[in-house]
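Below are the chains, spelled out letter by letter.
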Amino acid sequence: TLLDRELGHTNPRLQGQDAYTGVASNYLCGTVKAGDEIRLNIRSSTFKLPDPLPLGPIVMVCTGAGVAPFRAMLSELSTSTRCHLVFGCRTREDILYDTEIAACENICFHLALSREPGVPKRHVQDILRSSDTLRAALRDALNSTETPGLVMVCGQTVMCKEVLATIREVAGNVSIEKLQKDHRIIVEFFGAGIGIFQLTVYMSSKSPRESPHESSSSASFSSTDSESEDSALADLPRFKIVVIGMPSAGKSCLIHRFAKDRFICDDAEQHAVGVTFMRKTVAIPPGVRIMLKVWAISFEEDLLSMIPHVLHGASGAVIVYDQSNEVEGYT
């Protein structure tokens, strides 16, 4: 099982290490003791099988730990359900729940190995393109009106994005957006990355006169701050502040003024895309320095699911609103 593997199976891919441990399972099985209180963050999800089950084929695509929710769904399938599970990992040693999956008679299992010695490198999207069976199943699932099916994708953001592009190609230029709205394509991604939104990082060590376009960089988002820290600042106390409000309310202008001692004046800079992050060291009398990490995020539909992650661990929040906007305002 995944738990057994994380708690001690040897892995030749790890140089000089005899075993590797998972973060969550190792904490639950090796650190937590009876009577301890643990903090959990539970997020509601629509990533589940519909009721009733679709009449057409179900195609499940995943990589790595993304197979976990599908493992639970397999027991809910009826014997008449046509189901394909496309699973991607590096080597055969990394296959999860292979015994359980093999025991399911109504599952057609497709394996993509990207690092198996002596085997051509293949990703899940390569399997979707090359398998006639999968191509037919995708077309039946997404194009049929009498017996509609379902496509479910779970894994890293980059993989999900590439799989959706492949589905559009294989199924005949279907509208991914409409199919998602109709719940015929359901996607659960983790580790949001470039292409879903842009996280712009402005380092306070840059010159205040330097253009933010020259000092910014795109990076993937994590619920923990992942920006590189200067060694000289490593021991400073850190406090996270979140600036939140409607789009074009002035959030980026305020944090630019605070962190870089200037206002945004370039039209191209006036509307930030996604999440903006800045940091600044602040001296608090008598002679104490702290590091303030300031995040700005908007109440936009594409970003609503990210707001809890941005707010996590914050010491305070600043709500920015435009009092002259009678529609959005500060309600």
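This write-up is about the structure you can find in this document. Remember, it's a predicted structure, so these values are computed and weren't measured experimentally. (Residues numbered from 1 in each chain as written. Predicted model: local features only at pLDDT ≥ 70, side-chain atom pairs only at ≥ 80, totals over all residues. Heavy atoms only, no water.)

The next point concerns the pattern of salt bridges. One pass over the full model with this rule turns up 6 salt bridges. One salt bridge in this structure joins E177 and R168, with 3.8 Å as the shortest N-O distance. A residue is classified by how much of its surface remains accessible, and R168, at 30% relative accessible area, is partly exposed. Linking R257 and D261 is a salt bridge whose minimum nitrogen-to-oxygen distance equals 2.6 Å. Classification of D261 as exposed rests on a relative accessible area of 56%. (Salt bridge = Lys/Arg side-chain N within 4 Å of Asp/Glu carboxyl O. Buried < 20%, exposed > 50% of the residue type's maximum accessible area, 1.4 Å probe, protein only.)

Turning our attention to the state of the cysteines. Linking two cysteines covalently via their sulfur atoms produces the bond known as a disulfide. Evaluated as defined, the whole model comprises 0 disulfides. For C83, which is in no disulfide, the shortest distance to another cysteine sulfur is to C104 and amounts to 8.8 Å. On the accessibility criterion, C83 (3% relative accessible area) is buried. (Disulfide = S-S within 2.5 Å.)

Another point: the sheet that holds strand 5 (residues 185-190). An order of 3-2-1-4-5 is seen for the 5 strands of this open sheet, with the pairing classed as parallel. This sheet does not close on itself; its edge strands, each paired only once, are strand 3 (107-113) and strand 5. Neighbour-to-neighbour, the strand axes of the sheet open up by a mean angle of 10°, direction not taken into account. The pairing of strand 1 (residues 58-63) with strand 4 (residues 150-156) spans 5 bridges and is classified as parallel. Each residue of the ladder has a partner; that of V59, found in strand 4, is V151. Against the sheet, helix 7 (residues 157-170) engages strand 1, strand 4 and strand 5, with an angle of about 150° to strand 4. (Pairing = 2+ DSSP bridges. Helix = DSSP H or I, 4+ residues; strand = E, 2+ residues; numbered from the N terminus. Axes fitted to C-alpha atoms, helices over the stretch in contact; angles between N-to-C directions. Contact = heavy atoms within 4.5 Å.)

Relative to the 20 Å expected for 14 residues at 1.5 Å per residue, helix 7 spans 20 Å between its end C-alpha atoms, a close match to the ideal helical length. When we look at burial in helix 7, the residues that qualify are T157, M159, C160, V163, L164, T166, I167 and V170. Buried-residue contacts for helix 7 involve strand 1, helix 5 (124-130), helix 6 (132-143), strand 4, helix 8 (176-181) and strand 5. Just beyond helix 7, the residue with positive phi is G172, at close to 95°. (Expected span 1.5 Å × (residues − 1).)

Note on strand geometry: in a regular strand, side chains alternate between the two faces of the sheet. Pairing geometry for strand 8 (residues 238-245) and strand 10 (residues 288-298), over 8 bridges, is parallel. When the sheet's bridge partners are listed, G245 is paired in strand 10 with S298.

Any two aromatic rings considered together are summarised by their centre-to-centre distance and by the angle between their planes. Evaluated as defined, the whole model comprises 2 aromatic pairs. Pairing F47 with F70 gives two aromatic rings, centres 5.6 Å apart and planes at 50°, and the pair type is tilted. Of this pair, F47 sits in the loop between helix 2 (23-30) and strand 1 while F70 sits in helix 3 (residues 68-74); the two residues are 23 residues apart in sequence, bridging distant segments of the chain. Like F47, the residue F70 is buried in the burial classification. (Phe/Tyr/Trp six-rings, centres within 6.5 Å; stacked < 30°, edge-to-face > 60°.)

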